[in-house]
Amino acid sequence: MELRTLRYFVAVAEELHFGRAATRLHMSQPPLSRAIKQLEADVGALLFARSPASVTLTPAGAVLLDEARALLDHADRVHVRVSAAAGVTTITVGILGDGTDPGVTRLAAAYRRSHPSVDIRIRDTDLTDPTCGLRAGLVDVALTRAPFNETALTVRELRTDPVGVVLRADDPLARRDQLQLADLGDRRWFQFPQGTDPIWQSYWNGGEPREGPVVRTVQECLQAVLWNGTVGLAPLGHDLPAELAVVPLIDMQPSRVVAVWNEGDTNPLIRSFIEIATAAYRH
């Protein structure tokens with residue numbers, strides 16, 4: 001029973017969907033399905049009950065899930081201890097202005113419990129670089145939001161958040177229960193500085209060319225709305241000053257919270273970080 005196959009199994013068990021699990025594992029679905037069928041043959045039991053509408057764990061699958069997680073955790077600890085003995089004891093994490101996210105809080109606690117000897121360095125970044133310095137080699141892994149240019153990067157989705165428009169509380173549109181992007185067509189939108197990832201800029205401008213003040217930080221975005229009546233988009237669920245309001249956008253794609261690292265980076269501290277992050281954000 002190979003560790004790689006167990007990782008495949010855990011991904012399917014957590015997603016309960018072969019397509020999503022294949023996307024998470026950065027592979028196509030047919031080899032994933034074959035690997036799971038071979039694993040079922042090896043253990044001599046069905047691990048998943050499959051139907052056109054759903055995938056569920058069988059009792060045998062539930063037992064294997066507990067054991068597989070324990071085995072993989074132990075394997076990661078072995079890698080971390082070996083890396084520590086070789087002098088690799090630090091991981092640098094980039095965070096994109098979401099340090100108060102409860103997912104980050106749970107992740108920090110869980111990672112510290114699992115790896116108390118690892119020195120975790122945090123690099124808090126502004127909105128001009130959605131990779132948080134990853135491409136520049138300033139961090140090992142980033143907790144950020146998609147979409148952006150993913151060339152040469154590996155991306156793991158952790159959560160999706162609905163998006164709303166941030167308006168002044170006295171704006172007539174702030175009294176609406178929901179809005180569409182077309183309702184905001186005549187408004188000024190905040191912009192990121194020249195050279196910012198165009199995919200990232202386009203998302204936060206609702207997919208259209210816009211005009212408006214240039215901002216770099218979350219606070220600058222909020223101040224642009226407060227002082228200039230600028231349209232700003234934000235994930236729902238964040239606390240705002242009383243002078244501002246947020247209205248859900250019903251035709252905006254959700255904001256994807258992701259963990260990102262450089263493609264091909266085999267640092268075991270990163271792999272362990274990603275697995276713990278996936279569990280922390282799932283709750």
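Residues numbered from 1 in each chain as written. Predicted model: local features only at pLDDT ≥ 70, side-chain atom pairs only at ≥ 80, totals over all residues. Heavy atoms only, no water.

S.K.: Mind showing me how you'd approach the packing of aromatic side chains here?
M.R.: The relative placement of two aromatic rings is captured by the distance of their centres and the angle of their planes. Enumeration according to the criterion identifies seven aromatic pairs in this entry. Residues Phe 192 and Trp 200 carry aromatic rings whose centres are separated by 6.1 Å and whose planes lie at 20° to one another, so their mutual orientation is stacked. Taking the relative accessible area as the measure of exposure, Phe 192 reaches 6% and is therefore buried. A relative accessible area of 1% means that Trp 200 is categorised as buried. Taken together, Phe 190, Phe 192, Trp 200, Tyr 203 and Trp 204 form an aromatic cluster joined through their ring pairs. (Phe/Tyr/Trp six-rings, centres within 6.5 Å; stacked < 30°, edge-to-face > 60°. Buried < 20%, exposed > 50% of the residue type's maximum accessible area, 1.4 Å probe, protein only.)

S.K.: How do you make sense of helix 8 (residues 268-282) when you look at a structure like this?
M.R.: Along an α-helix, residues three or four apart share an orientation, since each turn contains 3.6 residues. Over its 15 residues, helix 8 runs 22 Å from end to end, which matches the ideal 21 Å to within 8%, given 1.5 Å per residue. Burial within helix 8 is extensive, with eleven of its 15 residues counted as buried. (Helix = DSSP H or I, 4+ residues; strand = E, 2+ residues; numbered from the N terminus. Expected span 1.5 Å × (residues − 1).)

S.K.: Would you explain the sheet that holds strand 8 (residues 232-235) in this entry?
M.R.: Sheet strands associate in pairs through backbone hydrogen bonding, adopting either a parallel or an antiparallel arrangement. Pairing is antiparallel across the open sheet formed by three strands, whose spatial order is 8-7-9. Two strands lie at the open edges of the sheet, namely strand 8 and strand 9 (244-248), each paired on one side alone. Neighbouring strand axes in the sheet, compared pairwise and without regard to direction, differ in orientation by 40° on average. Looking at chain direction, strand 7 (residues 163-168) and strand 8 are connected through four bridges and run antiparallel. The partner of Gly 164 across the bridge, within strand 8, is Ala 234. (Pairing = 2+ DSSP bridges. Axes fitted to C-alpha atoms, helices over the stretch in contact; angles between N-to-C directions.)

S.K.: Looking at this model, I keep getting lost on the state of the cysteines. Mind explaining?
M.R.: Working definition: the covalent bond between the sulfur atoms of two cysteines is a disulfide. Scanning the entire structure with this criterion turns up zero disulfides. The structure places no disulfide on Cys 132, whose sulfur is separated from the nearest cysteine sulfur, that of Cys 221, by 15 Å. (Disulfide = S-S within 2.5 Å.)

S.K.: I'm lost on the packing of helix 5 (residues 102-114) against helix 8 in this one. Help?
M.R.: Axis angle and axis distance: for two packed helices, these are the angle between their axes and the distance between the axes, and together they describe the pair. At a minimum axis distance of 9 Å, the contact between helix 5 and helix 8 shows a crossing angle of 130°. Judged by the angle between their axes, helix 5 and helix 8 are oblique. The crossing of helix 5 and helix 8 is right-handed. Between helix 5, through Gly 103, Val 104, Arg 106, Leu 107, Ala 110, Tyr 111 and Ser 114, and helix 8, the contact on the second element is made entirely by Leu 269, Ser 272, Phe 273, Ile 276, Ala 277, Ala 280 and Tyr 281. Looking at the contact of helix 5 with helix 8, its residues break down into ten nonpolar, three polar and one charged. (Parallel < 35°, antiparallel > 145°, perpendicular 65-115°, else oblique. Left-handed = near helix turned anticlockwise from the far one by under 90°. Contact = heavy atoms within 4.5 Å. Nonpolar A, V, L, I, M, F, W, Y, C, P; charged D, E, K, R; others polar.)

S.K.: Would you take a moment to explain the pattern of salt bridges for this structure?
M.R.: Overall, the coordinates contain 15 salt bridges when judged by the stated rule. The salt bridge partner of Arg 4 is Glu 2, with a shortest N-O separation of 3.7 Å. A salt bridge links Glu 15 to Arg 20; the shortest N-O distance between them is 3.7 Å. Among the charged side chains, a network of salt bridges with common partners joins Asp 101, Arg 145, Arg 159 and Asp 161. (Salt bridge = Lys/Arg side-chain N within 4 Å of Asp/Glu carboxyl O.)

S.K.: Even after reading the chapter, I still don't get the side chain of Thr 230, so can you show me in this structure?
M.R.: Relative to the assigned elements, Thr 230 resides in the loop between helix 7 (218-228) and strand 8. Within the structure, the side chain of Thr 230 is placed 3.1 Å from the backbone oxygen of Ala 224, a separation counted as a polar contact. The residues touching Thr 230, leaving out its near neighbours within four places in the chain, are Val 166, Arg 188, Trp 189, Phe 190, Pro 213, Ala 224 and Val 225. (Polar contact = N/O pair within 3.5 Å; in protein donor to acceptor, adjacent residues only side chain to side chain.)

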